[in-house]
Amino acid sequence: MSEDPTPQTAPAAASAPTRKYVENKPPRGVYVRVFIYVVATHALLAFMSLLFLIAKNR
């Protein structure tokens, strides 16, 4: 059995759980969603302002 070419990985596997996962980037598509929400709220505000202006001038 001393001629086994596969390396022993037991010590490396034991040290793997000590690694801490750190998320550096926000989830995929979060910038697109924020942009859509901002544009949608501005469009809604503009529409409501237009309605108020039309109602005020009548």
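Residues numbered from 1 in each chain as written. Predicted model: local features only at pLDDT ≥ 70, side-chain atom pairs only at ≥ 80, totals over all residues. Heavy atoms only, no water.

Take the overall build of the protein chain next. Of the regular secondary structure elements, the protein chain holds two helices and zero strands. Buried positions account for 0% of the 58 residues belonging to the protein chain. When the accessible surface of the protein chain is split by element, carbon and sulfur atoms take 67% of a total near 6,300 Å². (Helix = DSSP H or I, 4+ residues; strand = E, 2+ residues; numbered from the N terminus. Buried < 20%, exposed > 50% of the residue type's maximum accessible area, 1.4 Å probe, protein only. Areas by Shrake-Rupley, 256 points an atom, 1.4 Å probe, with all protein chains shown as cover.)

With that settled, the discussion passes to a nonpolar patch on the surface. On the surface, Val 32, Phe 35, Ile 36, Tyr 37 and Val 39 cluster together into a nonpolar patch covering about 530 Å² of accessible area. Residue Phe 35 is classed as exposed on the basis of its relative accessible area, which comes to 57%. (Patch = residues over 30% accessible without salt bridge, like charges linked within 9 Å, V, L, I, M, F, W, Y side chains within 5 Å. Salt bridge = Lys/Arg side-chain N within 4 Å of Asp/Glu carboxyl O.)

So yeah, pure geometry; function would need other evidence.
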